[in-house]
Amino acid sequence: MKRRNFIKNTSLSTAGIISASLLASCEDKKTVTKQENAKTIKPISVCTWNFENANSKAWEVLANGGNALDAVEKGAMAEEADIKNTTVGIGATPDRDGNVTLDACIMDKDGNCGAVVYLQNIAHPVAVARKVMEETPHIILAGKGAEQFAYEQGFKKTNLLTEEAKNRWLEWKKTSKYETIINIENHDTIGMLTMDKKGDIAGACTTSGMAYKVGGRVGDSPIIGAGLYVDNEVGGATATGVGEEVIRTVGSFLIVELMRQGKSPQEACEEGVKRIMAKNKGREDFQIGFLALNKKGETGGYCVHPGFTYRKATSAGHTNEQVDSFYKKKNH
Ligand code: SD4
């Protein structure tokens, strides 16, 4: 065989081998993608704590073919409307001066986000946050400006301080002791993550923050990256508990980045709590709960003290998931 022909033949057959193996690997990839898709749990809705009503609302949107963003908004709004929830929306606990001030944010599959902080007299801060995201070039509106914007968008002025909340506040004023009581008694912020039928992820978080907080205080819940973060390539995370500690570690962003590096939602949440505890050696007087969801529909949660749970809805059913904790003994 002449050298030129040898080279030609060799390269042809090599090309043949390469294209055959390329084809094979494409086929493999197709099978893997198919298997992955088959294994992906979607749609799915999860939220912090056992908020049955809110999570069912989000699930209803998803089950009817709705998108992840509508699902988190409707789900979070259900909790805001619940007068019995004392840290979200109407019926929430006021700050130390008796004012109910609300924080919320929302984030979609494209990384768009909106937030309101220190919002008063508006029952659905999460819906206002969505308007900030969709109707303005901004991400965060605060206080009076946020309230004014809400009226312009058609939201009604609402008295958020119920008689019950007012009476509890008057009682609290007798001692005026500010403490971050550890479990659900004082922490029932809703952070919600959903993935729709298409596999797109969205998240929302809404709260009145810490009970009897200093006027003007804003926690982690409306801070993108702290109380909530979504990256549609990877997953989403959200937090509940003492916001100051979550802000210090940019908790939800951290968890999503850990998942990007290959950790499962469970492992990522555990690492998130451990980072916080490393900065608070020996401290036991606060609670934090993280919740995460990845693109496969896997979920995980972890907290500082026992007691945090999260609600999960898939086509397999609706459950309240128990969460493992950094400190194992229930001491509160
Ligand atoms: C905050 N993270 O304002 C909120 C409070 C909370 O359950 O989650 N309560 O710090």
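Placed above this text is the structure.
Residues numbered from 1 in each chain as written. Predicted model: local features only at pLDDT ≥ 70, side-chain atom pairs only at ≥ 80, totals over all residues. Heavy atoms only, no water.

Undergrad: Looking at this structure, I do not really get the site of the ligand. What am I missing?
TA: Around the ligand, a shell composed of 12 residues is seen, among which Thr189, Arg217, Asp220, Thr240 and Gly241 lie nearest. One of the side-chain nitrogen or oxygen atoms of Asp220 is found 2.6 Å away from a nitrogen atom of the ligand. The separation between a nitrogen atom of the ligand and a polar side-chain atom of Ser221 is 3.5 Å. Within the complex, the protein chains bury 100% of what would otherwise be the 290 Å² of accessible surface of the ligand. (Near = heavy atom within 4 Å. Polar contact = N/O pair within 3.5 Å; in protein donor to acceptor, adjacent residues only side chain to side chain. Areas by Shrake-Rupley, 256 points an atom, 1.4 Å probe, with all protein chains shown as cover.)

Undergrad: Explanation requested: the environment of Asn85 in the structure shown.
TA: Structurally, the position occupied by Asn85 is in the loop between helix H3 (68-80) and strand E2 (102-107). For Asn85, a relative accessible area of 3% corresponds to the buried category. Apart from the residues within four sequence positions on either side, Asn85 is in contact with Phe51, Glu79, Ile90, Gly91, Ala92 and Asp188. In this structure the side chain of Asn85 is engaged in a polar contact, spanning 3.0 Å, whose partner is the side chain of Glu79. A polar contact is formed between the side chain of Asn85 and the backbone nitrogen of Thr87, at a distance of 2.8 Å. (Helix = DSSP H or I, 4+ residues; strand = E, 2+ residues; numbered from the N terminus. Buried < 20%, exposed > 50% of the residue type's maximum accessible area, 1.4 Å probe, protein only. Contact = heavy atoms within 4.5 Å.)

Undergrad: What's the story with the pattern of salt bridges in this structure? I'm lost.
TA: Think of it this way: side chains of opposite charge can pair up when their charged atoms draw near. The full count for this structure, using the stated rule, is 18 salt bridges. Close ionic contact of Arg248 with Glu245 constitutes a salt bridge, the shortest N to O distance being 2.9 Å. Of this pair, Arg248 and Glu245 both sit in helix H7 (residues 243-248), 3 residues apart, which is roughly one turn of the helix. Under the relative-accessibility criterion, Glu245 is labelled buried at 8%. Between Arg283 and Asp285 there is a salt bridge; the shortest N-O distance is 2.7 Å. The partly exposed category is assigned to Arg283, whose relative accessible area is 29%. Each of Asp70, Glu73, Lys74, Arg130 and Glu134 takes part in a single network of salt bridges with overlapping partners. (Salt bridge = Lys/Arg side-chain N within 4 Å of Asp/Glu carboxyl O.)

Undergrad: What is the right way to look at the packing of aromatic side chains in this model?
TA: For any pair of aromatic rings, the description rests on two quantities: the centre-to-centre distance and the angle between the ring planes. Tallying each qualifying case throughout the model produces 4 aromatic pairs. Consider the rings of Trp49 and Phe308, whose centres lie 5.0 Å apart with planes at 85°: the pair is edge-to-face. Placement of the pair is Trp49 in the loop between strand E1 (44-48) and helix H2 (52-63) and Phe308 in the loop between strand E10 (299-303) and strand E11 (309-314), with a sequence separation of 259 residues. For Trp49, a relative accessible area of 1% corresponds to the buried category. Taking relative accessible area as the criterion, Phe308 reaches 1% and is therefore assigned buried. Each ring, one from Trp172 and one from Tyr212, has its centre 4.4 Å from the other, and the planes form 15°; the classification is stacked. (Phe/Tyr/Trp six-rings, centres within 6.5 Å; stacked < 30°, edge-to-face > 60°.)

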